[in-house]
Amino acid sequence: MLQDWWLDFQPYVGGFAEASVVVLALSVCAIVVSWVCGLLVALTNRSPIRLLRYISGFYVWFIRGTPALVQIFIVYFGLPQIGLRMSPFVAGVVALGLNGGAYIAEIVRSGLLAIPKGQMESAQALGMSRTHMMGRIILPQVFRIILPPITNEAITMVKNTSLLSTITVVELTLYSQTIISTTFRPFEFYIATALIYLAMTTIISQGALELERRYAE
Amino acid sequence: MDASAEPLIRLRELRKSFDSNEVLKNIAIDVHQGEVVSIIGASGSGKSTFLRCLNVLEMPDGGRMQFEDFDFDFEPGARNQPTPADLRRLRARIGMVFQSYNLWPHMTVLENIVEAPIRVKGEPKRQAIERAEALLERIGLVDKRDARPTRLSGGQQQRVAIVRALAMTPKLMLFDEVTSALDPELVGEVLALMAALAAEGMTMLLVTHEIAFARDVSSRVLFFDKGVIAEEGPSGEVLRDPKSERLRQFLKRILHEDTLQARLPPSLTGVAAELLREA
């Protein structure tokens, strides 16, 4: 029975591998975008320039209050109407990156609040510039604090790439749908798909645990 | 101290308010090279804010400050208001130690000490490390160079914090209640280091509740009350024979508390008893 299953599955191994690589590429790109975005928004949150604070406030409010799927549709189907046309892959990275950025911003903001004021004062009192202080003293400490929640965000990001099946990105979910439509074996193939996602997210959470352990020493 | 010489730091008409609360009212002092000035006063008297104005961690609302080649006018709109770059250069020459040590927990003891010399002053790495090790040697913590600060006792952390400030070879050291967070048995080691620095001629201003230390180590005492320097003078005189009733009351209160906690070295219990008898 197992042999039968493997015979059915074998022709698609290459396809699954390719689709997995697409998921990885989407996740890595979108995570990078979300971190850059989130960090910038978290820092402008404390900016003395009011307009910047309004913009970042609006951004977080909008992203957190609307479904990711609708945001993806806005980027992929909506933006071309005003002349911004992107490939499905790029649109997916932009939409998921912007989406994750709002959550990362909130996480970074709470991490910054958790650093005692004295940490900044002792850096300032030694003549450090703001950039030096943030880069060498504050953000490294923030990173240790926020490692568990940003790990969660990374895992969410990997899973959310499946939403991009709706805008024709041939990632794992769309790939398995395609082969199921010809093999009529949804049970096996969806389970296989789930296991591949599970492997990826497990690697992320184990990696983060290892990092945490190292920082704890 | 040579009273005729130019002061190391000169302040005139220094003012600071938080919202409508006037914390410092027209403070003026000169501090000369090698002087050790203790600042005492009740909480809320403005003494900590005053100290923090000296390295502009707190931006004064007005007044003038001269220190080495700096001549700042804090009045809003004044021509020589300090720029951010001025402030960084100023702070690199004024060491400050805080009540809560404020060592950076993600760095080792040695990294804490060499960070600013290397990256603020641009000192060669090897030279900064050598000096840091010499300083650690001096406070007997060279074996802790690769430890995280959180592994150290409070007294050890505070001594590392002092050494971190000294590594910048400052012209002036500010101490903001540096023994207040320490367990009583750890206070002595920190005070001993500060006394040694004073003996070596370091110019120091310290906000403190350690009256014995103020009397024995500092040359001058400032008593802050409601945002003004209510009384000042040579530490022996001011602490033994306070002129104002408020200072008398203040000393009675804190010496009494100290005696109850048995924190005073024996040398001072006589003074405390005297003050208590007077009251």
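Along each chain, numbering runs from 1 in the same order as the chain's sequence is written. To label them, take the chains in the order written and letter them from A, then take the ligands in the order written and number them from 1. Per-residue local features are limited, in this predicted model, to residues with pLDDT of at least 70; the limit for side-chain atom pairs, both in listing and counting, is 80 or more; totals at the level of whole chains, interfaces and linings are taken over all residues.

### Considering the overall build of chain A
In DSSP terms, a helix is any run of H or I states spanning at least four residues, a strand is any run of E spanning at least two, and both are numbered starting from the N terminus. The number of helices and strands found in chain A is nine helices and zero strands. From first element to last, N terminus to C terminus, chain A shows the α and β order α-α-α-α-α-α-α-α-α. With the C-alpha coordinates aligned to their principal axes, the bounding extent of chain A is approximately 70 × 50 × 25 Å. Split into buried and exposed, the 217 residues of chain A put 32% on the buried side. Considering only contacts within chain A whose residues lie at least 6 apart along the sequence, 74% involve residues at least 24 apart. A residue is called partly exposed when the number of other C-beta atoms within 10 Å of its own lies between 12 and 20, exposed at 12 or fewer, and buried at 20 or more, with C-beta atoms placed from the backbone. Residue pairs qualify as contacts under a 7 Å threshold applied to their C-beta atoms, which are placed from the backbone.

### Points about the overall build of chain B
Counting its regular elements, chain B contains 10 helices and 10 strands. Throughout, radius of gyration means the C-alpha value; the globule benchmark is 2.2 Å times the number of residues raised to the power 0.38. Computed over the C-alpha atoms, the radius of gyration of chain B is 19 Å, within 12% of the 19 Å expected from 2.2 N^0.38 for a compact globule of 279 residues. Structurally, chain B occupies a C-alpha span of about 60 × 50 × 40 Å along its principal axes. Contacts in chain B between residues far apart in sequence, at least 24 positions, make up 63% of those at least 6 positions apart.

### Some details on the sheet that holds strand β10 (residues 228-234) of chain B
All names here are of chain B. In this description, strands pair whenever DSSP reports at least two bridges between them. Spatially, six strands are ordered β6-β7-β8-β3-β9-β10 in an open sheet, and the strand pairing comes out mixed. The outermost strands of the open sheet, each flanked by one partner alone, are β6 (94-97) and β10. Between one strand axis and the next, the sheet turns by 15° as a mean value, whatever way the strands run. Alignment of strand β3 (residues 36-41) against strand β8 (residues 203-207), held across four bridges, turns out to be parallel. Paired with Ser38 across the two strands is Leu206, which belongs to β8. Strand contacts of helix α5 (residues 154-166): β6 and β7 (172-176), with the helix running at about 170° to β6, the strand carrying the most contacts. Lines fitted to C-alpha atoms define the axes, with helix axes restricted to the stretch in contact, and inter-axis angles between N-to-C directions lie between 0 and 180 degrees.

### Side note on the sheet that holds strand β4 (residues 62-67) of chain B
The strands making up a sheet associate through backbone hydrogen bonding, with each pair oriented either parallel or antiparallel. All names here are of chain B. The strand order across the open sheet built from four strands is β2-β1-β4-β5, with neighbouring strands paired in antiparallel fashion. Strands with a single pairing partner mark the edges of an open sheet, and in this sheet they are β2 (21-31) and β5 (70-73). Adjacent strand axes in the sheet meet at a mean angle of 15°, parallel and antiparallel pairs treated alike. Where strand β1 (residues 9-18) lies against β4, five bridges are found, and the strand directions are antiparallel. The residue of β4 that forms the bridge with Arg12 is Arg64. Against the sheet, helix α1 (residues 47-54) makes contact with β1 and β2, and its axis sits at roughly 60° relative to β2, the strand it touches most.

### Observations regarding the pairing of β10 of chain B
Residues and elements named next belong to chain B. Relative to β10, strand β9 (residues 220-225) is paired through six bridges, and the arrangement is antiparallel. Residue pairing across strands places Asp225 opposite Val228, the latter belonging to β10. Turn length for the β9-β10 hairpin, with the two strands adjacent in sequence and antiparallel, is two residues, and the turn residue Lys226 shows positive phi of about 50°.

### So, the interface of chain A and chain B
Each side of the interface is counted separately: chain A has 16 residues, and chain B has 18 residues. At the level of elements, α6 (117-125) and α7 (130-160) of chain A are the ones that each hand at least two residues to the side of chain A that touches chain B. Only Asp, Glu, Lys and Arg are considered charged in this grouping, and only Ala, Val, Leu, Ile, Met, Phe, Trp, Tyr, Cys and Pro are considered nonpolar; every other residue, Gly among them, is considered polar. In terms of residue class, the side of chain A that touches chain B is made up of five nonpolar, eight polar and three charged.

### Details of the environment of Arg253 of chain B
One can find Arg253 of chain B in helix α9 (residues 245-261). A count of 13 C-beta atoms within 10 Å places Arg253 of chain B in the partly exposed class.

### Digging into the confidence of the model for chain B
Residues and elements named next belong to chain B. Across chain B, pLDDT averages 90, with 90% of residues at or above 70. Confidence of the prediction at every residue is given by pLDDT, a number between 0 and 100. No element of chain B has a lower mean pLDDT than helix α10 (residues 266-278), which averages 47, and none a higher one than β6, which averages 98. The low-confidence segment residues 260-273 (pLDDT under 50) makes 16 contacts with residues lying over four places distant or belonging to another chain. What the predictor reports for the complex is a pTM of 0.84 with an ipTM of 0.87.

### Digging into the confidence of the model for chain A
Model confidence for chain A is summarised by a mean pLDDT of 93, while 99% of its residues fall at 70 or above. For chain A, the element scoring lowest by mean pLDDT is helix α1 (residues 2-9) of chain A, at 75; helix α4 (residues 68-78) of chain A scores highest, at 97.

### A word on the environment of Leu152 of chain B
All names here are of chain B. Residue placement: Leu152 occurs in the loop between α4 (125-138) and α5. Taking the C-alpha atoms as reference, Leu152 lies 16 Å from Arg138; in sequence the two are 14 residues apart. Not counting the four nearest positions on each side in its chain, Leu152 is found in contact with Lys144, Ala147, Gln157 and Val160.

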